[in-house]
Amino acid sequence: MDATGPTGGPPRLRSGAVLEVRPLPGRPGLRASGEISVTTRPSWEKALEELSRQHTDVSYLELSGLRFVDVAGVAALAVTAMNLPGGRVVVEQPPPQLPRVLELFWPSLRRIEVAPR
Amino acid sequence: MSTVTHEQAFAHPALFYRSEREYADRTVTFVREGLAAGEPVAVAVPAPNLELIRDGLGADARDVSFLDMAEAGRNPGRIIPGVLRAFADAHAHERVRIIGEPVWAGRSAAEYPACAQHEALINAAFAGRSATILCPYDEAGLDADVLADAFVTHPTVIAGGRERASGAYDWPAVVARYNEPLDRAPDADVLTFGAQELPEVRRFTVGRAASLGLAGQRLQDTELAVAELTTNSVVHGGGQGTLAIWSDAGHVVCEVRDTGRLTDPLAGRRPPEHGQIGGRGLLLVHYVADLVRVHTSDDGTTIRFYLGL
């Protein structure tokens with residue numbers, strides 16, 4: 001909570017949430033890192049649209065670098081998965097909020113398979 | 001009793017009882033009437049009373065859904081979406097019958113206002129729906145004020161075995177009365193935030209909650225709940241807000257204030273549509289917290305949640 005710079009100068013600029021999404025090398029799907037919250041949700045939803053366009057049987061989401069996802073971020077994933085014509089989405093190493101929110105709001109969603117951290 | 005409840009779309013009687021015997025007799029009769037009419041029946045009451053009803057029903061108990069209200073309804077704010085609507089919506093084409101006992105003698109002074117508001121809001125949440133929700137009140141163990149409130153939150157009251165219309169019925173009055181200003185503890189840690197500080201306020205809260213003693217899933221739930229409340233402040237509550245966190249009587253209390261006003265009394269108490277992306281934030285807070293208190297006025301909104309240590 002130190003708001004001053006290392007030299008005691010003016011307060012550092014505090015940055016908001018950052019989300020980085022890239023295609024997954026060698027497998028269908030995406031790797032996301034950073035945070036999914038209100039400020040980064042538009043790029044998350046765009047990435048999910050892309051995932052759903054390229055989806056055939058199994059898509060992978062590699063989330064080991066994701067520090068946080070909020071309820072609407074998990075909702076966007078759940079809705080994307082429900083609207084797929086078939087197959088499933090394997091979510092690898094998500095932050096703990098993801099399985100928690102799925103359990104609370106979509107307890108029987110079989111389209112999403114969570115491979116824990 | 002049955003003629004009154006079957007004619008109306010929604011029936012919401014309070015049942016005043018004076019002894020375990022009277023409790024068991026009247027609740028078992030109520031359940032059996034429902035089973036005889038082919039209605040799905042659920043019973044959500046504190047565990048000791050659950051046993052009274054289960055024993056009284058004998059073999060008929062297997063046709064009834066039982067929930068310990070001290071767990072499922074620990075936070076009164078999640079009873080409508082998580083217990084009552086969950087059961088009614090699972091039987092959307094039938095009349096349902098539920099016993100819901102959200103108020104018991106051990107409820108704390110912090111919990112009771114949320115209990116009373118919950119009882120009032122059942123009337124809004126179920127208006128026009130085909131359901132009967134019976135709410136037992138322990139006449140011997142509860143304060144006179146609590147019993148008086150039951151006359152305001154229930155259109156009919158059953159006492160001494162007779163059901164009468166309540167002349168005091170006026171549920172919005174109870175929602176308004178318990179919309180009480182909330183004072184935060186003088187030793188609270190406080191941080192103001194805007195959109196740019198959302199990650200920081202989350203980290204700040206997790207750090208403080210951990211040092212106050214929360215760990216594991218409860219700590220993760222704190223992070224999620226604070227993220228939802230602070231995001232709501234940024235998106236709907238004037239773009240910024242103030243977070244405060246402290247501990248009180250075995251709980252960690254987190255509170256978010258902003259300049260918005262909550263105009264929908266059922267906000268956070270409606271089950272969301274399956275395919276809906278937004279609108280689950282306050283519902284999440286109700287689901288994970290042991291208690292949620294809200295104060296809203298023209299000057300702003302304060303939402304506070306409690307997690308037991």
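Keep in mind that what you see is a predicted model, and the values were worked out from it rather than measured. (Residues numbered from 1 in each chain as written. Chains lettered and ligands numbered in written order. Predicted model: local features only at pLDDT ≥ 70, side-chain atom pairs only at ≥ 80, totals over all residues.)

(A) Structural detail: the overall build of chain A. Counting its regular elements, chain A contains three helices and five strands. Mapped from its N terminus to its C terminus, chain A presents α and β elements in the order β-β-α-β-α-β-α-β. A burial count over chain A gives 37% of its 117 residues as buried. Put simply, of all contacts in chain A between residues at least 6 apart along the chain, 65% involve residues at least 24 apart. (Helix = DSSP H or I, 4+ residues; strand = E, 2+ residues; numbered from the N terminus. Buried ≥ 20, exposed ≤ 12 C-beta atoms within 10 Å, placed from the backbone. Contact = placed C-beta atoms within 7 Å.)

(B) Geometry of the sheet that holds strand 11 (residues 251-258) of chain B. Residues and elements named next belong to chain B. Taken together, five strands build an open sheet; the order of strands is 9-10-11-13-12 and the sheet is antiparallel. Looking along the sheet, the strands with just one partner apiece sit at the ends: strand 9 (189-194) and strand 12 (291-297). On average, adjacent strands in this sheet sit at an angle of 15 degrees to one another, irrespective of strand direction. Pairing geometry for strand 9 and strand 10 (residues 240-248), over six bridges, is antiparallel. Bridged to L191 within strand 10 is L243. (Pairing = 2+ DSSP bridges. Axes fitted to C-alpha atoms, helices over the stretch in contact; angles between N-to-C directions.)

(C) How the structure looks around the interface of chain A and chain B. Taken together, the contact pairs 21 residues of chain A with 22 residues of chain B. At the level of secondary structure, the elements contributing two or more residues to the side of chain A that touches chain B comprise helix 2 (71-82) and helix 3 (97-105) of chain A. In terms of residue count, the dominant contributor to the side of chain A that touches chain B is helix 2 of chain A (six residues).

(D) Molecular detail of the environment of A9 of chain B. Residues and elements named next belong to chain B. Assignment of secondary structure puts A9 in the loop between helix 1 (2-7) and strand 1 (10-11). According to the C-beta neighbour criterion, A9 is exposed, with 11 such atoms within 10 Å. Through-space distance from the C-alpha of A9 to that of A131 is 6.6 Å; in sequence the pair is 122 residues apart. Sequence-distant contacts of A9, that is, excluding residues within four places in its chain, are made with G128, R129 and S130.

(E) Representation of the sheet that holds strand 4 (residues 88-92) of chain A. All names here are of chain A. One open sheet holds the five strands; their spatial order is 1-2-3-4-5, and the pairing between them is mixed. A strand with exactly one partner marks an edge of an open sheet, and here the two such strands are strand 1 (19-23) and strand 5 (112-115). Between one strand axis and the next, the sheet turns by 20 degrees as a mean value, whatever way the strands run. Note that strand 1 and strand 2 (residues 29-36) share five bridges and pair antiparallel.

(F) A look at the packing of helix 2 of chain A against helix 3 of chain A. Residue and element names in this part refer to chain A. Packing of helix 2 against helix 3 leaves a shortest axis separation of 9 Å and a crossing angle of 70 degrees. By the angle class used here, helix 2 and helix 3 are roughly perpendicular. As helix 2 packs across helix 3, the resulting crossing turns out to be right-handed. On helix 3, the residues that touch V71, V74 and A78 of helix 2 are Q97, L98, V101 and L102. (Parallel < 35°, antiparallel > 145°, perpendicular 65-115°, else oblique. Left-handed = near helix turned anticlockwise from the far one by under 90°.)

(G) Quick look at the environment of R269 of chain B. All names here are of chain B. Its location among the elements puts R269 in the loop between strand 11 and helix 11 (281-288). For R269, a count of 24 C-beta atoms within 10 Å translates into the label buried. In this structure, the C-alpha to C-alpha distance between R269 and L121, residues 148 residues apart in sequence, is 9.1 Å. Ignoring anything within four residues of it in the chain, the contact list for R269 reads G77, I80, P81, L121 and A125.

(H) Region of interest: unusual backbone geometry. For Q93 of chain A, which is not glycine, the phi torsion reads 50 degrees and is therefore positive. Mapping Q93 of chain A onto the fold places it in the loop between strand 4 and helix 3. For A249 of chain B, which is not glycine, the phi dihedral falls at a positive 45 degrees.

(I) Focus on the domain arrangement of chain B. All names here are of chain B. What the domain assignment lists for chain B is domain 1 (2-177) and domain 2 (189-308). Placing a centre on the C-alpha atoms of domain 1 and another on those of domain 2 gives a separation of 29 Å. On the domain 2 side, the residues contacting the 18 residues of domain 1 number 14 residues. The leading source of residues in the side of domain 1 that touches domain 2 is helix 5 (residues 79-90), at six residues. Residue composition of the side of domain 1 that touches domain 2, grouped by class: 10 nonpolar, three polar and five charged. (Domains from an automatic or database assignment. Nonpolar A, V, L, I, M, F, W, Y, C, P; charged D, E, K, R; others polar.)

(J) Layout of helix 7 (residues 144-153) of chain B. All names here are of chain B. By the burial criterion, the buried members of helix 7 are D149, A150 and T153. Summarising the axial view, the buried residues of helix 7 lie within an arc of 110 degrees, below the 170-degree limit, and thus occupy one face. Seen from the open side of helix 7, the exposed residues pointing more than 90 degrees away from its buried face are A144 and A148. (Arc of directions from axis to C-beta.)

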